[in-house]
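Here's the letter readout for the chains.
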Amino acid sequence: MITEIKKWIEYIQIPQSNLDNFPVCPYAKSAIVNNKIQILELDNLITVTDIIDSIDIERYWVTVIYFKHYGYYTVKELSNLTKNLNEKFNIKDKIILDNDPRDPFYINGVKTTFDNCYLFLVQSLSDLNQKSESLKNTTYYKYWDQKGLDEVVNWRKSQ
């Protein structure tokens with residue numbers, strides 16, 4: 001699974017013509033170049049809180065936690081879990097974004113979703129918000145619809 005995740009991380013770094021030649025994730029390359037990404041496996045949801053709590057967001061700008069057994073849960077159950085995790089960890093400057101292959105996400109026709117399993121992506125909330133603010137001075141968000149902005153960007157501004 002790690003090989004597939006690394007390929008997906010490479011993909012989200014590629015400039016996309018539908019996004020004014022921005023990559024899906026404009027800062028992924030920097031995290032890779034600086035060796036600030038870690039990939040962890042999650043065997044069961046019981047340990048997810050402990051794993052997230054132990055992540056050093058200074059050392060790892062992005063932690064990808066992959067969960068192969070996501071099929072035992074509904075999209076809604078995992079979405080609610082991610083919401084609850086954010087309520088717990090936003091005060092510790094951690095944000096958890098999720099990726100469910102059953103609920104693909106697109107930006108102007110460009111698929112951003114990893115297809116092989118469920119992912120929790122853990123980052124620094126303040127750092128992500130700062131980078132998001134700087135992207136507002138570009139054409140990056142021009143291609144996002146309101147639903148996508150609300151789902152990924154706007155909700156965390158109040159955190």
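Residues numbered from 1 in each chain as written. Predicted model: local features only at pLDDT ≥ 70, side-chain atom pairs only at ≥ 80, totals over all residues. Heavy atoms only, no water.

### Some words on the sheet that holds strand β3 (residues 94-99)
Sheet architecture is open: 4 strands sit in the order β1-β2-β6-β3, paired in mixed fashion. A strand with exactly one partner marks an edge of an open sheet, and here the two such strands are β1 (37-41) and β3. When the angles between neighbouring strand axes are averaged without regard to direction, this sheet yields 20 degrees. Relative to strand β6 (residues 118-124), β3 runs antiparallel, the two being bridged by 6 bridges. Residue D98 lies in a different strand from β6, and its bridge partner there is F120. The sheet strands contacting helix α4 (residues 75-89) are β3 and β6, and the helix crosses β3 at an angle near 170 degrees. The sheet strands contacting helix α5 (residues 125-135) are β3 and β6, and the helix crosses β6 at an angle near 85 degrees. (Pairing = 2+ DSSP bridges. Helix = DSSP H or I, 4+ residues; strand = E, 2+ residues; numbered from the N terminus. Axes fitted to C-alpha atoms, helices over the stretch in contact; angles between N-to-C directions. Contact = heavy atoms within 4.5 Å.)

### Brief notes about the layout of surface pockets
If a probe the size of a water molecule is rolled over the atoms, the empty space left behind becomes visible. Taken as a whole, the second largest pocket encloses approximately 180 Å³ of empty space. Contributing to the lining of the second largest pocket are K6, I9, E10, Q13, A31, I32, N35, K36, I37, Q38 and I39. Taken together, the elements giving at least two residues each to the lining of the second largest pocket come down to α1 (2-11), α2 (28-33) and β1. Class assignment of the residues belonging to the lining of the second largest pocket gives a composition of 5 nonpolar, 3 polar and 3 charged. (1 Å grid on protein atoms, 1.4 Å probe; cavity = no way out; pocket = protein on both sides within 12 Å on 5 of 7 lines; lining within 4 Å. Points joined across faces, edges and corners; volume = space filled by probe spheres on them. Nonpolar A, V, L, I, M, F, W, Y, C, P; charged D, E, K, R; others polar.)

### Here we look at the environment of N34
Secondary-structure assignment places N34 in the loop between α2 and β1. Taking the C-alpha atoms as reference points, N34 and K142, separated by 108 residues in sequence, lie 28 Å from one another. A distance of 2.8 Å separates the side chain of N34 from the backbone oxygen of S30, its partner in a polar contact. (Polar contact = N/O pair within 3.5 Å; in protein donor to acceptor, adjacent residues only side chain to side chain.)

### A look at unusual backbone geometry
A positive phi is found at N21, a non-glycine position, where the angle reads about 65 degrees. Structurally, N21 is set in the loop between α1 and α2. A positive phi is found at N35, a non-glycine position, where the angle reads about 55 degrees. Of note, N35 is situated in the loop between α2 and β1. Take N35: its relative accessible area is 62%, and that puts it in the exposed class. (Buried < 20%, exposed > 50% of the residue type's maximum accessible area, 1.4 Å probe, protein only.)

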